[in-house]
Amino acid sequence: MCSFWGLMRAYWLSDRWQVAWGLTAIIVVLTALSAMASVWFAEASGELVNAIAFLHHPQNPTTPASLLASAATLVAIVVLKDVGFTSVRHYFSTTLHRKWRAWLDRRFNEALLDDNHTHYHLQHGAAKADPYEASVLDNIDQRVQESIKGMTGGAIGLAMGIAGVVLSFVFVGQKVIATSTEVSGLEFLGSYGSACLTVVAIAAYVPINTFVAVKLGATLQRLSNRMQWAEGSYRSELNTLLHRSFHIAAASGEKAQGGIHRRRYFNIDRTWASLNRLTASYMGFELVYNFFGSRIVAYAPGLLPYVENKISLQAYVTGAELTNALIGDCSWFIHVMPEIATLKANARRVTDLAQAIEDVRHPREFYARTGHAEFRYARQDPQFGVTIQNLELMHAGDDEPFVTTGNLHFKRGEWTLLVGESGSGKSSLFKAINGLWPHGRGTIVLPRNVRTLYAAQDVKLPPVTLKELICLPDSVEAHPDGEAATAMSKAGLADFVGDLAEEGRDGHSWDQLLSGGQKQRVVLARILLLRPRLLFLDEPTSALDGEATVAFHQAIKDVCPDATVISIMHDAMPPKSATGGEFFDSMLAIADGAVTKGPLPALKGRPVGPARVRPRPERTAR
């Protein structure tokens, strides 16, 4: 689906092809009936005008009853066409639109949320991958929602229009030929003279104006693309504001943020002004085109035969209405040019997203565009623990590593404390071991068939039920409620056991309701329920006090006694058990870009890293 036509046909060749083709067939049949109704309308219009013309004829006057019958027939045809055919076709076309969009939405979500972590790579790697190619993406949410919706709706409208033109030529064209008559000066054409004049008039009028419309449409497309980019940029900044609003409020940075918003909106306003000028110009062009087409060009081919009294007024009006119907159908491309421009703009954004997803399916090759991406991942027997060989972490475009590890080994069941100055690369090392760092080289060998859990530094909870949060990444059916409740109680969340099936309270999600410490207890409950044997903990207790920190580590020690744990902590002292024993067996230190591993030193008040949470002072007896 990385090309326009690939996107267009994918749904009709998918497992939903029966629904897709069934709805398409119904739409085509209704379009054909609508084209036939145009012929009926032209004939009824001719009869009505003829009846009006003969209303006061001295020899053969039209009776009021026949006049009313002609008018009623015309009204019935209009109602049948507009209500019975057009509106019903609209229902089926919008149904096809809804189902096609839903299918594409599911496909793109499956691609973004695959085991390859495509969504992560697109956001953290694509912006640096190829600044001049389609892999640079903005506003993935806009592309998946608005662009897919606009593209599918526009494509269905375009297909219906093309089908209408073809079927109109078939039915209306047949009637034009059937009612054609001889024209003076074109006797060699015989009775096809007026039909040929009709074709010449349409061929001379429509293509020239279509060429003008295409040129204006290309400019509309460029402006639509620019408008989408400007809107997306402003939307992205507003979303960013919502995520960092506390920091802006704490720094009183509203004026600076307001300046960013004004600059973002200036691009929208400037592009919108250009788009409005061009749209107004196009509207004027279209209105003039419609007037000349329906009032002059449509009546011109039959005028000469009518003047020469070779056709009646009824035949002349019928022919003019048929010509007008043909011009209208052939001009459909002109009428929908703004929508086609928007369709092409939306399709470009969707195909760019599809191409970027395809690129990210091979992260190593993807990141190799902007730097070294030579990580090698392997598996070994769990009894050998974790092995890291000559790992080097780099930034995009750099040849020199900012972290080097040499050869490291973590035994099965070993607890290792990772320390270092802020910004030294501790979290980056965790990401590299878990396949989430883009640039560098080296080998990471993890235990085979062992559940791994990586608890990141910032805990963000998706808007799902509390049990789903505890069970992630497993389904809720994989663990009984009793087991989830037990894990929560051990983690210090006994007050929330009754809310396992709830997505929040009072209209607020758990991410909004729970404090930082409670979120970290949710992570602990997940560990206690899933019992992973390889744990990466990035500041797992930064929001907990000293007593809760000890309980956190003790719970893991009790429930997961054989787990290999590597943990980043910024407390002044690593926690000890209630009996004074050490939780950690060894220390991994990052200093000046080099990683060294050794036994846990006997610390007596000496910090192991920058203090994040100060220990509470002990109360003195009075």
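The rules behind these values
Residues numbered from 1 in each chain as written. Predicted model: local features only at pLDDT ≥ 70, side-chain atom pairs only at ≥ 80, totals over all residues. Heavy atoms only, no water. Helix = DSSP H or I, 4+ residues; strand = E, 2+ residues; numbered from the N terminus. Rg over C-alpha atoms; globule rule 2.2 N^0.38 Å. Contact = heavy atoms within 4.5 Å. Areas by Shrake-Rupley, 256 points an atom, 1.4 Å probe, with all protein chains shown as cover. Lys, Arg positive; Asp, Glu negative; His and termini not counted. Charge placed at Lys NZ, Arg CZ, Asp CG, Glu CD. Patch = residues over 30% accessible without salt bridge, like charges linked within 9 Å, V, L, I, M, F, W, Y side chains within 5 Å. Salt bridge = Lys/Arg side-chain N within 4 Å of Asp/Glu carboxyl O. Pairing = 2+ DSSP bridges. Core = buried A, V, L, I, M, F, W, Y, C linked by side-chain atoms within 4.5 Å. Buried < 20%, exposed > 50% of the residue type's maximum accessible area, 1.4 Å probe, protein only. Phe/Tyr/Trp six-rings, centres within 6.5 Å; stacked < 30°, edge-to-face > 60°. Expected span 1.5 Å × (residues − 1). Polar contact = N/O pair within 3.5 Å; in protein donor to acceptor, adjacent residues only side chain to side chain. Domains from an automatic or database assignment. Buried area = accessible area lost by both parts, 1.4 Å probe. Nonpolar A, V, L, I, M, F, W, Y, C, P; charged D, E, K, R; others polar. UniProt positions renumbered as here; feature names shortened; annotations may be inferred. Axes fitted to C-alpha atoms, helices over the stretch in contact; angles between N-to-C directions. Parallel < 35°, antiparallel > 145°, perpendicular 65-115°, else oblique. Left-handed = near helix turned anticlockwise from the far one by under 90°.

This part takes up the overall build of the chain. Secondary structure assignment for the chain yields 20 helices and 13 strands. In terms of overall size, the chain is more extended than a compact globule, its C-alpha atoms giving a radius of gyration of 36 Å where 622 residues would be expected to give roughly 25 Å. Overall size of the chain, expressed as C-alpha extent along the three principal axes, is 125 × 55 × 55 Å. Here the contacts in the chain between residues at least 6 apart in sequence split such that 74% fall between residues at least 24 apart. Accessible surface computed for the chain: about 32,100 Å², of which carbon and sulfur atoms make up 57%. Seen as two clouds, the 60 positive and the 59 negative side-chain charges of the chain have centres 3 Å apart.

The grouping of E468, E477, E502 and E503 at the surface amounts to a negative patch. Inspection of the secondary structure puts E503 in the loop between α17 (481-490) and β8 (504-505).

With four bridges joining them, strand β2 (residues 386-393) and strand β4 (residues 407-410) adopt antiparallel strand pairing. Its bridge partner being in β4, I388 is matched across the sheet by L408. Sheet topology note: the β2/strand β6 (residues 440-447) ladder contains five bridges and is antiparallel. Bridge pairing in β6 places E392 opposite R441.

Moving on: the nonpolar core. M488, I527, L537 and I556 are the most contacted members of the largest nonpolar core, which has 45 residues in total. Listing elements by their share of this core, those giving two or more residues are β5 (415-420), β7 (452-455), α16 (466-471), α17, α19 (516-530), β10 (534-538) and α20 (546-559). Ranked by residues supplied to this core, first place goes to α19 with eight residues. Beyond its immediate chain neighbours, meaning those up to four positions away, L537 contacts F430, A455, I527, F552, I556, V565, I566, S567 and I568. Counting 34 residues, the second-largest nonpolar core is a separate cluster that includes L7, L112, I140 and I148.

Scanning the model with the defined rule gives 18 aromatic pairs in all. Centre to centre, the rings of Y306 and Y316 are 5.0 Å apart; their planes meet at 10°, and the pair counts as stacked. Highlighted residues: Y306 in helix α10 (residues 303-307) and Y316 in helix α11 (residues 313-330), separated in sequence by 10 residues. Overall, the relative accessible area of 31% leaves Y306 in the partly exposed class. Taken together through their ring pairs, the aromatic side chains of Y11, W12, W100 and W103 make up a single cluster.

This part takes up α11. Taking 1.5 Å per residue as the helical rise, α11 with its 18 residues ought to reach 26 Å, and the 25 Å between its terminal C-alpha atoms agrees with that figure. Taken as a whole, α11 has its buried residues at Y316, V317, T318, A320, E321, L322, T323, A325, L326, I327 and C330. Put simply, S312 is the residue that caps the front of α11, since its side-chain oxygen is 3.1 Å from the backbone nitrogen of A315.

Split by domain assignment, the chain resolves into domain 1 (1-181), domain 2 (182-310) and domain 3 (373-599). Each of domain 1 and domain 3 was reduced to a C-alpha centroid, and the two centroids are 54 Å apart. Counting residues at the interface gives four residues for domain 1 and four residues for domain 3. Taking both sides of the interface into account, the surface hidden between domain 1 and domain 3 amounts to around 300 Å²; carbon and sulfur atoms contribute 67%. For the pair domain 1 and domain 3, the interface holds zero salt bridges. Where domain 1 meets domain 3, there are one residue pair in polar contact (both at pLDDT 80 or more). Considered class by class, the residues forming the side of domain 1 that touches domain 3 number one nonpolar, two polar and one charged.

This part takes up the UniProt feature "transmembrane region" (unreviewed entry) in the chain. When the UniProt feature table is mapped to this numbering, "transmembrane region" (unreviewed entry) covers residues 20-42, 153-172 and 192-218. Here residues 20-42 runs as 100% helix and 0% strand, with 34 Å between its end C-alpha atoms. With 96% helix and 0% strand, residues 192-218 has its two end C-alpha atoms placed 38 Å apart.

The next subject is the environment of T118. Within the secondary structure layout, T118 lies in helix α4 (residues 118-124). Taking C-alpha positions, T118 is 31 Å from E421, a pair spaced 303 residues apart along the chain. Beyond its immediate sequence surroundings of up to four residues, T118 is in contact with A111, L112, I357 and V360. A distance of 3.0 Å separates polar atoms of two side chains, one belonging to T118 and the other to D114.

The next point concerns a nonpolar patch on the surface. On the surface, a cluster of nonpolar side chains totalling about 370 Å² of accessible area is made up of V288, F291, F292 and I296. Among the structural elements, I296 can be located in helix α9 (residues 254-297).

Attention shifts here to the pattern of salt bridges. All told, the structure shown has 13 salt bridges when counted by the stated rule. Among the ionic pairs, E110 bridges to R106, the shortest N-O distance being 3.6 Å. Of the two residues, E110 and R106 both sit in helix α3 (residues 64-112), four residues apart, roughly one turn of that helix. Classification of E110 as partly exposed rests on a relative accessible area of 45%. We classify R106 as partly exposed; its relative accessible area is 33%.

Right, let's talk about α19 for a bit. If you check α19, its first and last C-alpha atoms are 21 Å apart, about what 15 residues at 1.5 Å a residue would give, namely 21 Å. The buried count for α19 comes to 12 of 15 residues, which makes it a mostly enclosed element. All buried positions along α19 are accounted for by G517, K519, Q520, V522, V523, L524, A525, R526, I527, L528, L529 and L530. In this structure, the buried residues of α19 make contact with β7, α16, α17, α18 (510-513), β10 and α20. Positioned one or two residues after α19, R531 has a phi angle of 50°, which is positive.

The next thing to look at is the side chain of T387. With respect to the helices and strands, the residue T387 is situated in strand β2. Among the polar contacts listed, one links the side chain of T387 to the side chain of Q380, at a separation of 3.3 Å. Setting aside residues up to four positions removed in sequence, T387 forms contacts with Q380, L408, H409, T443, I444 and V445.

Turning to the packing of α17 against α19, a few remarks are in order. Running from N to C, α17 and α19 cross one another at 130°; their axes reach a closest spacing of 8 Å. It follows from the interaxial angle that α17 and α19 lie oblique. Here α17 and α19 pass one another in a crossing that is right-handed. In contact with E483, A484, A487, M488 and K490 of α17, α19 contributes A525, L528 and L529. Of the residues in the contact of α17 with α19, the class split is six nonpolar, no polar and two charged.

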